[in-house]
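Here's the letter readout for the chains.
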Amino acid sequence: MESGKKNYYHTFSTLLTISKVLCLFFIFANLCSAEDNNSSIKGRVIDLSNDEIVSYTKIKLSSHDGNTTYQAETSSDLVGNFQFKSVPAGTYNISAARLGYEKEEITGITLNANESKILNIFLSPVDIETDKINVTATKMELTLKQTPSSISILSSDEIKNRNSLTFDEVLSDVQGVTVFRTSGINVQSLSIRGSSDVAGGGIGNRVLLLLDGRPSLTGDSKGALWSLIPISIIDRTEVVKGAFSSLYGSSAIGGVINVITKKPTYKAFTSINANYGFYEPLNDSLKFTDRLLTFKGIDMIHSNTYKKLAYLLNFNYKQNNGHAQQTDYEFYGGLAKLMYDVFRNRDLEVTLQFTKSNSAFPHYWRKDPGSIAEPYKSSPFYLGDRIKKETQSIDIFYTAIPSTNAKYTSRFYYYKLYSLSYFNPNNFVSVQYAPEGEALETTIKSYNFGNISQVDFQISKRNYLISGTDIQWNVVRSNPESILYGNQQVNNFGVFAQDQHKLIVDNNGNSILSTTAGIRLDHNEFVGMNRFFQVSPKLSFLYSPNSTNVLFKDASIRFLVGRAFRAPSIAELYFKKELFGGFDFVFNPNLKPEEMLSIELGFRKQYEKRFTFDVSAYINEYDNLIQYVNIGGAINGPFQVQNIAKAQIKGVEFLIDYTSSINVFKKPLGYAFGFNYSLIDATDLSKNRKDDFLPYKPRHLINFSADLDYSGFHFNLTGKYVSKVDEDLFYKFEEPDEYFLMDLKLSKSLFGQATVFVAVNNLFNISYQELERTQAPNRSFNSGIRVEF
C-alpha cells in the first residue's frame, strides 16, 4: 500500500517537473518569437485627389524572402487607418484595392526587427466613367458597369466647374430632370422622367431625397427642400431613375437622389469660398426698382483627423435681392460630420445639420383685369408676405463588419422642419381668415423619426444578399386648421430583401450575366384614418458580354421591371387652401396610394477612357395616379386631390460623354463634351378628359456641356433646352413656352491654393417661365474666389 503511494507521488512529481520544463521552453520560445516578430506596419489610406480618408479598403501584405513566404490581409477602418502587427523583419509588398479607385501597389518595403513603420497609401480615383462607384441603386457598392438601372453621377469637380449657386441648379443639368421654381430657394417641384406633380410646397413629389442615405423629406408634404443643401459639402450626387419602392418604399416611385457628402481629410484642411454677383438691370417698362439687385455668399469647410476621430465642419451663408418682386431670400446653415472608429470593424458616424432661411413668399406675377402682365412685379396686396423655415437633423450611423462575408448597419435619424408664413393685412388670405386689419400667420412643425437597419451577407462569390427594416414616424402640427392640416401623424413600417446572383461568370470570376431580385412590404397608417399595405417587387438582369467585339467590349445590357407605390401625403389629404395662388381645395377621404409598374431596357458602353455612351427606353404605367382636379365650373376651382384612373409615362433617353487631351505649346489641353436628350411622352388615360395631357410634362429635354482645361484655366459652357408645357393646372392657355439657355464660367487657379472665377448665367438674356405666371431669372453676372490651405 505504502509502495503504491510512493509510486503515485513519484509519477506525479515527474510529470510536474516535465510540465515546468515545457512551460519554460514555450515561454522562452514565445519571447524569442515576439522579439523576432515585434515589427509592425501601419498607416492611413488617402484619396490622392483631395486628401480625404478612404474607408474599408482591402490591403494585402506579402513577402518572398528566400524560402519564407509571409501573407496577411486587413482593411482600413472608418477613418482610413490600417495596421499589420507582429510582422517578421524582411522585405514586403503592399497592395490596396477599393471600388472607385485604381489599384495601388508598393514594392520593396524594408522592415527591420522591432521597427514600427508608418506608411500612408494614396489611391487615385478611376478615370473611366463606368468604373465610378455608386451605392444607391442596390444599397450596396457597385460600379456603373455593374449597375442594373439608369443612373447619373455628378462629381464634386463637375459641380465646382459650373456656376451653380444652389443644389436645385445642380440637378437641373442632370438628364431627365426638370425643376420648377418660384424663386431662388422656393422649389415647387423636382421631377425625374416627368414623375412629380407641380402643386406647391413639394406636394405631389415622387422623388426621394437622401443625404448620405438618410431620408430628407418633410413630414407634411413629403417634398424636399432641394435648394437648402450646401453644394460645397457634396462629394458626389447619385441620381437613380425609375421605380425603387422595392428598396426605399413610398416616395421613390419616380427615382432616388442620394447626396454623398465629403469625408474628412487625413490632415488639417480649410476651404473658404466667397462670391458676389448681380442681375442685369431691367428696362424701364419692366423694372420694379432703381437699385442694383445683387446676390452674395460665403462658404467655409474645415476638416481633420486625430487618431480615431475624423471630423468635417461646414458653415454657409447666402443672400439674394431677387430678380423680381417677392423672390428675395437670406439663408445660412451649418453641418458637423464626426466619424469615430469605436474598435476594430465597429464604426460610428454622427451628422448634425441646421439651416435657417427667410424669404419672400412667392406669388404669381401681376396681371390686373384689362391690363397687360407685369412679369417682374407682384400685386400690391402680396408685397411683404414672408416665409421663414428652420430645419434640424441628427443622423447616427453604426457599422459593424464581423467578418469578410458579413456587414451590419443601423441608422437612427431625426429631422425637424419649422415653417412660418406671414401674410400682410391686405392679402386676401388675411382678409378672409384673420381679424380685420391684422396679418395672418400660419405655422407648420413636422417631425420625422426613423430607423433603417440592414444586414449584408456574401453567401458565395456569386451570391450577395441584403435584408433590412425601415421604420418611420411622421408627426405634423399646423395652425390654423381652417387652412392647413391640423395635427396629424403617419406611421410606416417596411421590411425589404434583395439578392444579387451571378448566373454566368468568366474564368476570372467576372460576371457575364447577373440578376438582382428584391421585394419590400410596407404597412402605412394615417393615425385615426386609413391604413394601407403595399408589396413592391423588382427584378433586373445585367448582361456584360466578355467580348473583344468593338460594340460589346466594356458594354452592358440591362433590363429592369418593378412595381412601386406612393402613399398620399398629409398635405394631400388634409389641406384646404393653396396659398401660392389662393385656390380652395375640398377634402377627399377616399384618397388611396398610387401604384406604378415600370419596365426599362438600356445599353451602356465605354470606349477606352474617352467615350461613354448610354441609351435607355422605359414605360411607366400608373394606377390611381394622385392629381389635382378642378371640380368647380370656374377657372379658380375649387380643386380636389383625386385618384385618376390610369396614366402612362414612357420615353427614351440618350447620352454621350467624350473626354480627351492634346498638347498645345508643349502643355496639355484637356477637353470634354457631354450631350443628353430625353423624350417624355406623358398621357392621362382616365375617362371624360377633354385632352390626354398630364400637366407640367415638357416633351423634350436637352442638356449639353463643354469644358476646356489649360495651364490653370478652366472654361465651362452649359446649355439647356426645355420644350413647351402642353397643360398647366391653374391658368389654362398660359402654359410656359419652350426656352433655350446657356451659362458660362471661366476660372483660374493661382499658386495652387486659390482659384478665382467669373461667370454669366442666362447668357442671351432669355425671358422664360418654368411655371405659368412666374418669371424666371434674367441674365446675371457672378464672380468669386476659393482659397484652400
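Residues numbered from 1 in each chain as written. Predicted model: local features only at pLDDT ≥ 70, side-chain atom pairs only at ≥ 80, totals over all residues. Heavy atoms only, no water.

Draft legend 1. Local environment of the overall build of the protein. A tally of helices and strands in the protein yields six helices and 43 strands. In terms of C-alpha radius of gyration, the protein reaches 30 Å, essentially the compact-globule figure of 28 Å for 789 residues. Projected onto its principal axes, the C-alpha positions of the protein cover 125 × 80 × 55 Å. Buried residues in the protein amount to 53% of all 789 residues. In the protein, of all internal contacts separated by at least 6 residues, the share reaching a separation of at least 24 is 64%. Element-wise, carbon and sulfur atoms account for 57% of the exposed surface of the protein, whose accessible area totals about 34700 Å². In the protein, which carries 81 positive and 81 negative side-chain charges, the distance between the mean positions of the two groups comes to 5 Å. (Helix = DSSP H or I, 4+ residues; strand = E, 2+ residues; numbered from the N terminus. Rg over C-alpha atoms; globule rule 2.2 N^0.38 Å. Buried < 20%, exposed > 50% of the residue type's maximum accessible area, 1.4 Å probe, protein only. Contact = heavy atoms within 4.5 Å. Areas by Shrake-Rupley, 256 points an atom, 1.4 Å probe, with all protein chains shown as cover. Lys, Arg positive; Asp, Glu negative; His and termini not counted. Charge placed at Lys NZ, Arg CZ, Asp CG, Glu CD.)

Draft legend 2. Local environment of the sheet that holds strand 16 (residues 234–241). The strand order 11-16-17-14-15 describes an open sheet built from five strands, whose pairing is mixed. Strands with a single pairing partner mark the edges of an open sheet, and in this sheet they are strand 11 (151–155) and strand 15 (214–215). (Pairing = 2+ DSSP bridges.)

Draft legend 3. Focus on the pairing of strand 43 (residues 780–788). As defined by bridge partners, strand 18 (residues 269–279) adjoins strand 43 across nine bridges and the pair is classed as antiparallel. Bridge pairing in strand 43 links Phe-278 to Phe-781. Here strand 40 (residues 754–761) pairs with strand 43 via eight bridges, running antiparallel. Residue Asn-761 lies in a different strand from strand 43, and its bridge partner there is Ser-780.

Draft legend 4. Structural view of the nonpolar core. In terms of nonpolar packing, the biggest core is built from 40 residues, with Phe-167, Leu-209, Trp-226 and Ile-257 touching the most fellow members. Broken down by element, this core gets its largest block of residues, four residues, from strand 14 (residues 208–211). Setting aside residues no more than four positions away along its own chain, Ile-257 makes contact with Phe-167, Leu-171, Leu-190, Ile-192, Val-207, Leu-208, Leu-209, Leu-210, Trp-226, Thr-237, Glu-238 and Val-239. Ranked by size, the runner-up nonpolar core spans 37 residues in total, among them Leu-440, Ile-483, Val-490 and Phe-583. (Core = buried A, V, L, I, M, F, W, Y, C linked by side-chain atoms within 4.5 Å.)

Draft legend 5. A look at the pattern of salt bridges. All told, the structure shown has 41 salt bridges when counted by the stated rule. Note that Glu-141 is salt-bridged to Arg-98, the shortest N-O span being 2.7 Å. A residue pair is termed long-range when its members are at least 10 positions apart, and Glu-141 in the loop between strand 9 (133–134) and strand 10 (142–143) and Arg-98 in the loop between strand 5 (90–97) and strand 6 (104–111) qualify at 43 residues. With a relative accessible area of 13%, Arg-98 lands in the buried category. (Salt bridge = Lys/Arg side-chain N within 4 Å of Asp/Glu carboxyl O.)

Draft legend 6. Inspection of the environment of His-501 at higher detail. Within the secondary structure, His-501 is located in strand 27 (residues 487–505). In sequence terms His-501 and Glu-734 are 233 residues apart; their C-alpha atoms lie 52 Å from each other. With residues near it in sequence (within four places) discarded, His-501 still touches Arg-462, Asn-463, Leu-513, Ser-514 and Thr-515.

Draft legend 7. Quick look at the confidence of the model for the protein. On average, residues of the protein score 88 in pLDDT, and 93% of them reach the 70 mark or higher. For the stretch residues 1–9, pLDDT sits under 50, and the model shows zero contacts to residues farther than four places along the chain or on other chains. Overall, residues 19–35 carries pLDDT values under 50, and its contacts beyond four positions in sequence, including any with other chains, amount to one contact. (pLDDT = per-residue confidence, 0-100.)

Draft legend 8. Main features of a nonpolar patch on the surface. Together, Leu-503, Ile-504, Leu-539, Phe-541, Phe-559, Leu-597, Ile-599 and Leu-601 make up an exposed nonpolar region whose accessible area comes to about 620 Å². In terms of residue count, the dominant contributor to the nonpolar patch is strand 33 (residues 594–607) (three residues). (Patch = residues over 30% accessible without salt bridge, like charges linked within 9 Å, V, L, I, M, F, W, Y side chains within 5 Å.)

Draft legend 9. Structural view of the pairing of strand 25 (residues 440–460). Relative to strand 25, strand 24 (residues 406–423) runs antiparallel, the two being bridged by 18 bridges. Among the inter-strand pairings, Tyr-422 is bridged to a residue of strand 25, identified as Glu-441. Relative to strand 26 (residues 463–479), strand 25 runs antiparallel, the two being bridged by 17 bridges. Along strand 26, the bridge assignment pairs Thr-443 with Asn-479. Where strand 25 folds back on strand 26, the antiparallel hairpin that results is connected by two residues.

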